[in-house]
Amino acid sequence: MTATVGQQAQAAARANDVWKVYGSGEAQVIALRGVSAEFERGRFTAIMGPSGSGKSTLMHCLAGLDSVTRGTVSIGETTVTGLGDAGLTKLRRDKVGFIFQQFNLLPTLTAKENILLPLSIAGRKPDPAWYDTVIETVGLKDRLDHRPAQLSGGQQQRVACARALVSRPEVIFADEPTGNLDSRSGAEVLNFLRNSVREHGQTIVMVTHDPTAAAYADRVVFLADGEIVSELIEPTAETVLDTMKKLDTAAEVGN
Amino acid sequence: MFRATLKSLLARKVRLILSGLAVVLGVMFVSGAFVLTDTLGRSFDSVFADGFSEIDVNVAAKPKVQVNEMEGEQTVAPLPAALVDRVKQVPGAASATGVVNADGARVIGSNGKVVTSFGPPQLGENWTGESELLKLREGRAPQAEDEIVINKALATAAKVQVGQKVGVLTAFESKKRDFTLVGVFGYSGDRDSIGGVNEVFFTTPVAQRLMLGEPDVFSSITVQAAGGVSDEKLRDDVARTLGADFEVKTGEQVAADASASLKEGLSFFNKILLGFAAVALLVGTFLILNTFSIIVAQRTRELALMRAIGASGRQIIGSVVLEAIAVGLIASVLGLAAGIGVGALLAFLFGKLAGGLTLAGIGVPAAAVIGSFAVGLVITVVAALLPALRASRIPPIAAMQDVATPDRPLTKVTVAGSLVTGIGAVLLFLGLSGNAGGQTLSTILGGVLFAFIGVALLTPLISRPVVSLLGAIFSWSVPGKLGRLNSGRNPRRTAITAAALMVGIALVTGVTVILDSAKGSISALAQDTIKAELVIAGQQGGPRPPTFDPGVLDKAKALPGVRMVDGEYGDMGRIDGEGTWVAASSDIASLRQIFGAKPTAGDIDRLGPTQMLASSDTATSRGWSVGSTVNVQLTRGEARTYTISGIYESSQLTNPVTLPATAAKDFAIPQPIQGFIQLDPGTRVSDVQPQVEALLADSPEVSVADRDAFIKQQTSSLDGLLTMIQILLALAIVIAVLGIINTLALSVLERTRELGLLRAIGLRRSQTMGMITVEAVVISVFGALLGVVVGTGLGAAVVEALKDEGITDLILPWGQMGVFLGLAAIIGVVAAVLPAIRAARINVLGAIAHD
Ligand SMILES: Nc1ncnc2c1ncn2[C@@H]1O[C@H](COP(=O)(O)OP(=O)(O)O)[C@@H](O)[C@H]1O
Ligand SMILES: [Mg+2]
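Calculation notes
- Residues numbered from 1 in each chain as written.
- Chains lettered and ligands numbered in written order.
- Predicted model: local features only at pLDDT ≥ 70, side-chain atom pairs only at ≥ 80, totals over all residues.
- Heavy atoms only, no water.
- Helix = DSSP H or I, 4+ residues; strand = E, 2+ residues; numbered from the N terminus.
- Buried < 20%, exposed > 50% of the residue type's maximum accessible area, 1.4 Å probe, protein only.
- Areas by Shrake-Rupley, 256 points an atom, 1.4 Å probe, with all protein chains shown as cover.
- Lys, Arg positive; Asp, Glu negative; His and termini not counted.
- Charge placed at Lys NZ, Arg CZ, Asp CG, Glu CD.
- Pairing = 2+ DSSP bridges.
- Contact = heavy atoms within 4.5 Å.
- Axes fitted to C-alpha atoms, helices over the stretch in contact; angles between N-to-C directions.
- Parallel < 35°, antiparallel > 145°, perpendicular 65-115°, else oblique.
- Nonpolar A, V, L, I, M, F, W, Y, C, P; charged D, E, K, R; others polar.
- UniProt positions renumbered as here; feature names shortened; annotations may be inferred.
- Patch = residues over 30% accessible without salt bridge, like charges linked within 9 Å, V, L, I, M, F, W, Y side chains within 5 Å.
- Salt bridge = Lys/Arg side-chain N within 4 Å of Asp/Glu carboxyl O.
- Phe/Tyr/Trp six-rings, centres within 6.5 Å; stacked < 30°, edge-to-face > 60°.
- Near = heavy atom within 4 Å.
- Polar contact = N/O pair within 3.5 Å; in protein donor to acceptor, adjacent residues only side chain to side chain.
- pLDDT = per-residue confidence, 0-100.
- Arc of directions from axis to C-beta.
- Core = buried A, V, L, I, M, F, W, Y, C linked by side-chain atoms within 4.5 Å.
- Buried area = accessible area lost by both parts, 1.4 Å probe.

Draft legend 1. How the structure looks around the overall build of chain A. A count of helices and strands for chain A gives eight helices and 10 strands. Split into buried and exposed, the 255 residues of chain A put 53% on the buried side. When the accessible surface of chain A is split by element, carbon and sulfur atoms take 48% of a total near 11,100 Å². The distance from the centre of the 26 positive side-chain charges to the centre of the 30 negative ones in chain A is 6 Å.

Structure, rendered in structure tokens:
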């Protein structure tokens, strides 16, 4: 059974009965079992769940990085399912931003060049006012000419956030963006993501297994065993933790 | 540890194959050279053994002037016919036959051109009947003065049939003479020729007159032993009877000696091939070094983990070296096999070109096997040593840290590079200035080697500014900019890759500079000095230069508008016991008036029959002055005493020694080789040229050209040499291209995540490929640039050193250099194809997913 969540018409990203099966026969793994979900514009959604529950898989499918076995995925007006490489590349250029857990920046480029890279690849000029705002909010003004190797992990991740933001994509996908950071740097990055949603209306979908991180979001969707099992609006670390515990016990009972 | 090595080797087989390929190619050159020379050597042996199989003992005159393979063919003076009867009297001799057998019988084909043999001699002989070896296939033996028989291969090449009139040029008559072809013969085993030799048989008196220049003489006497008498005994008996003036050998000895002189030439050829193998292997060394360095860098974590769980630094070195040994072994085996194939192929082609040399079986001499394995293993292990040392220095802690290999400073490499370059420069200076004490060639080669290694070490430092400058050309596009940054990212890697290309390009450039300068200097001198509007000469297609009828000289002189005509003769003579190139001019006045010679002593306008002129260099080195007497032995005739009557200033256009024209009859080739015609002022070249052409109708080996065309033709042999060197060095460049492919492929592998990230944020496939291509082009153009600069430097140094030898103008081949740079750009694009496709195919998800 599938729980359908999110009722708004103006979804930035949408999954419709998405199945994802890896391998075949003995080695078959069903990572997603008919997930349907909508991620509203201008909101910060977290995808929570224990390790192996299919969070990353869902995000990859939503972002068009991976193909779905069944079902459809769309970003804004664009149906992602069925696009070829050229179409997917264009989609990533124009509509999607990414923040990964690590290996996020090109070591040969300065922070500023890294931030502007998606725009230069697409052959677009940055909107100067927006660029200034982004730089202002990430707080990296005096670090723009440094190379990644000269920046701390938190600073690097903030550069990655700025890079995702600067092209104003329809939606930003972040997979465990704070997974490699200490709690203070993690908090900085999360604050920054929340602010970009609150102040600038950016849409963000973030995958995490950390309840504290999830608490920064407007809404949390819980995944277990490839299915959406629950959701929370306006979560706090405590409510997230409680839901997780409940799911754990449910899973144990279920087993 | 051994298992771990084996496993890691298998895991990285693709990367190692590419670098191994460089060794395979180098080893292939080595084994191919040995196989080729061995196969040809044994083929010569069997050809000669066959050719002399029916001779028990052979009697010939001692050569008056010994010449080696490089100087030309050995020609001996003839024997008096009366000697045949003396040999017959020797007890144990069943029969003795006088034989005429001399090079220079040139058949004119049905197309009016002389049939050339490209190497093997063109023998003119006297018919002494059929034998086991030689059988008439058609027609009959020559009986009248104007009858000949020729071998089947020659008849086929000349497209002539029995019964036809055939024109022949002979050693003593370069004017066409017509004969009737009365027979065609072949050899046992259904062969049309033996070793590509062309044979023309005349009746004995005609052969004597036309091939030996006098009646009643023979080239040699072949003796048949009576039953029960051994060849050796008969040889000794004949030798005792005839005395010390003759060379008496068994047929076997003659065959072995003839073969040995050809093999001397082969061993020289072998050395040249090995030289090119050395270049290929030097380039291969760079490549292996680079591959192992990259692999060690990529395995930093793995190696650190091994250290952390207790492996010693020694063990780490051992594991890398073991890997190198495995690669070296496999590459040697493959290289040896490929070399055998290439050697066999070249031997086959050579056999075809040399007019159907029947090849003995393909031989794989021990030298090929030992050489292949020694070279393959040593090169690989030596190249892997440095990366192995570096691997052993990886601290165990690196396993726990992120792979942030700090940019090591370039100070040490740069200091070492300057030092090695310095040593190279010193060696080059010593070698080129002639202060190397007898080791000139090895000193120069050592200097070049050190210079290359030194520059390669300096390359990382140079690469930074140059690469960023080169890359700036591409920076207008994002992929271009990224590509440029990538090529500047690892200066050592870029440097070694580029240096590998540098070696090949530098050598080609250097050789081009030297040969172009030589060509330019000689043509400039000839243009300035030779005062002859028309020149008679031909294209040399074998060991024997083309000649023409000396009668043409007088007839040309008689033409209206002709002021002076000079025919040039040459021979390798012995003066006071020392081998010296001697020349003769039909008109001695030409020395001054056509060749611009200036007297430094005595009189050079006249030359009596016992007088001789010498160049100032020769006179100085031999201690001659006007009035000195010298003993001159020519190929034929008795030694004679000449008095030096004049000395002229040495130049590129003057001969060491000039003898009177009458001496030319004793030269190995008693016919003029070149003719120079000076016209009266105001006479039009185009008026005289056709008339001279008509005079040359019966001398089809040569033609008359105006001076500029002649100079071009003379220097065109240098063009052929240059092309050959370029083809051989192309292999070194091919190996360097493999190096670029290898480096790029490894870099793509190393940057999988990065490429995935770029694709994730919107880089198109085509842009990804563009980025890799720019990186490749920047590296290869950088390498070519280095090569052009270093090669020009080396070439200029050699030209400077050869100033005294007459290479006075330094000519830089700008066009060629431009071609090399353009070629390098193309090479870069080609080398990038596979890595670029690989990069473009990278799965975005696979690349960015966490481990
Ligand atoms: N490429 C793949 N091949 C096979 N199975 C996979 C692959 N990627 C993910 N999986 C499996 O799918 C399930 C969900 O994985 P994932 O989405 O990475 O989980 P999460 O991100 O929630 O930890 C896991 O059981 C995982 O083993
Ligand atoms: Mg995950």
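Draft legend 2. A look at the sheet that holds strand E1 (residues 11-22) of chain A. All names here are of chain A. Reading across the sheet, the four strands line up as E2-E1-E4-E5 and stay open at both edges, with antiparallel pairing between neighbours. Of all strands in the sheet, those with a lone pairing partner are strand E2 (29-40) and strand E5 (78-79), marking the two edges. The pairing of E1 with E2 spans nine bridges and is classified as antiparallel. Looking across to E2, one finds that Val21 is bridged to Ile30. Each of E1, E2 and strand E4 (70-75) is contacted by helix H1 (residues 55-62), which is oriented at about 60° to E2, the strand it contacts most.

Draft legend 3. Seen up close, the environment of Ile444(B). Residue and element names in this part refer to chain B. Its place among the elements puts Ile444 in helix H12 (residues 440-472). Relative accessible area serves as the criterion here: at 18%, Ile444 is assigned to the buried category. Spatially, the C-alpha atoms of Ile444 and Leu758 are 50 Å apart, while their sequence positions differ by 314 residues. The contacts of Ile444, once residues within four sequence positions are left out, are Leu428, Gly431 and Leu432.

Draft legend 4. Here's a closer look at the packing of helix H14 (residues 491-529) of chain B against helix H19 (residues 707-750) of chain B. Residue and element names in this part refer to chain B. Between H14 and H19, whose axes approach to 8 Å, the crossing angle comes to 175°. In terms of orientation, H14 and H19 fall into the roughly antiparallel class. Along the lines of polarity and charge, the residues of the contact of H14 with H19 split into 19 nonpolar, 10 polar and seven charged.

Draft legend 5. Region of interest: the UniProt feature "domain: ABC3 transporter permease C-terminal" (unreviewed entry) in chain B. Feature annotation in UniProt places "domain: ABC3 transporter permease C-terminal" (unreviewed entry) on residues 276-396 and 727-843 of chain B, given in this structure's numbering. The straight-line gap between the two end C-alpha atoms of residues 727-843 of chain B is 41 Å; of that span, 83% is helix and 0% is strand.

Draft legend 6. Representation of a nonpolar patch on the surface in the model. Side chains of Leu322(B), Ile325(B), Leu329(B), Ile330(B) and Leu334(B) sit close together on the surface and give an oily, nonpolar patch of about 400 Å² of accessible area. Among the structural elements, Ile325(B) can be located in helix H9 (residues 313-353).

Draft legend 7. Here's a closer look at the pairing of strand E6 (residues 122-126) of chain B. Residues and elements named next belong to chain B. Most of E6 is tucked away: five of the five residues are buried. Sheet topology note: the strand E4 (residues 101-103)/E6 ladder contains three bridges and is antiparallel. Across the sheet, the residue bridging to Asn101 is Glu125, located in E6. Pairing between E6 and strand E11 (residues 198-202): five bridges, direction parallel. Bridge pairing in E11 places Asn126 opposite Phe202.

Draft legend 8. Geometry of the packing of aromatic side chains. All names here are of chain B. Tallied over the full model, the rule gives eight aromatic pairs over all chains. Aromatic side chains Trp127 and Phe185 sit 6.3 Å apart centroid to centroid with 55° between the ring planes, which places their arrangement in the tilted category. Here Phe185 lies in strand E10 (residues 173-187) and Trp127 lies in the loop between E6 and strand E7 (134-139), a separation of 58 residues in the sequence. Considered together, Trp127 and Phe185 belong to a single accessibility category, that of buried residues. An angle of 90° between the planes, with centres 5.2 Å apart, marks the rings of Trp127 and Phe201 as edge-to-face. Of this pair, Trp127 sits in the loop between E6 and E7 while Phe201 sits in strand E11, and the two are 74 residues apart along the sequence.

Draft legend 9. Fine view of the site of ligand 1. Residues and elements named next belong to chain A. Ligand 1 sits among Tyr22, Val29, Ala31, Pro50, Ser51, Gly52, Ser53, Gly54, Lys55, Ser56 and Thr57. Interatomic distance of 2.8 Å between a side-chain N/O atom of Ser56 and an oxygen atom of ligand 1. For ligand 1, the protein covers 59% of the area, taking 560 Å² as the surface of the free molecule. Listed by contribution, the elements that provide at least two residues to the shell around ligand 1 are E2 and H1. Broken down by element, the residue count for the shell around ligand 1 peaks at three residues, all from H1. Taken together, the residues of the shell around ligand 1 sort by class into four nonpolar, six polar and one charged.

Draft legend 10. Geometry of the sheet that holds strand E8 (residues 204-207) of chain A. All names here are of chain A. With mixed pairing, six strands are arranged side by side in an open sheet as E6-E7-E8-E3-E9-E10. A strand with exactly one partner marks an edge of an open sheet, and here the two such strands are strand E6 (96-99) and strand E10 (227-233). Strand-to-strand twist across the sheet, computed as the mean angle between neighbouring axes with direction ignored, equals 20°. Pairing between strand E3 (residues 44-48) and E8: four bridges, direction parallel. Bridge pairing in E8 places Phe44 opposite Ile204. Here helix H5 (residues 153-166) sits on the sheet in contact with E6 and strand E7 (171-175), set at roughly 175° to E6.

Draft legend 11. The arrangement of unusual backbone geometry in detail. In this structure, Asp17(A) is a non-glycine residue whose phi angle is positive, near 50°. Position of Asp17(A) relative to the elements: it lies in strand E1. At Asp216(B), a residue that is not glycine, the phi angle is positive and equals roughly 60°. Tracing the sequence through the fold places Asp216(B) in the loop between helix H5 (204-212) and strand E12 (217-218). By relative accessible area, Asp216(B) is classed as exposed at 53%.

Draft legend 12. Just the confidence of the model for chain B, in detail. With 93% of its residues at a pLDDT of 70 or more, chain B has an overall mean of 84. Looking over chain B, one finds the lowest element-wise mean pLDDT in helix H1 (residues 2-11) of chain B, namely 61, and the highest in strand E8 (residues 147-151) of chain B, namely 94.

Draft legend 13. Structural detail: helix H18 (residues 685-695) of chain B. All names here are of chain B. Among the residues of H18, those classed as buried are Val688, Gln689 and Val692. The buried side chains of H18 occupy one side of the element, clustering within an arc of 110° when seen end-on. Its buried side turned inward, H18 meets strand E15 (534-537), strand E16 (562-575), strand E23 (674-679) and strand E24 (703-706).

Draft legend 14. Just the environment of Pro235(A), in detail. Residue and element names in this part refer to chain A. The residue Pro235 is located in the loop between E10 and helix H8 (237-254) in this model. You can call Pro235 buried: its relative accessible area is 7%. For the pair formed by Pro235 and Leu62, sequence separation is 173 residues and the distance between their alpha carbons is 23 Å. When sequence neighbours within four positions are dropped, the list of residues in contact with Pro235 reads Ala214, Ala215, Ala217, Asp218, Arg219, Val220 and Val240.

Draft legend 15. Geometry of the nonpolar core. Leu117(A), Phe173(A), Phe452(B), Met502(B) and Val503(B) are the most contacted members of the largest nonpolar core, which totals 154 residues. Ranked by the residues each element gives to this core, the list is headed by helix H7 (residues 251-298) of chain B, at 17 residues.

Draft legend 16. Here's a closer look at the interface of chain B and chain A. In this complex, chain B contributes 23 residues to the contact, which on the side of chain A involves 25 residues. Summed over both partners, the interface of chain B with chain A buries about 2,300 Å², with 66% contributed by carbon and sulfur atoms. Here chain B and chain A share one salt bridge between them. In this assembly, chain B and chain A are joined by five residue pairs in polar contact (both at pLDDT 80 or more). Residue assignment for the side of chain B that touches chain A shows that the elements contributing at least two residues are helix H13 (478-487), helix H20 (752-760), helix H21 (765-801) and helix H23 (844-848) of chain B. A per-class count over the side of chain B that touches chain A returns 11 nonpolar, four polar and eight charged.

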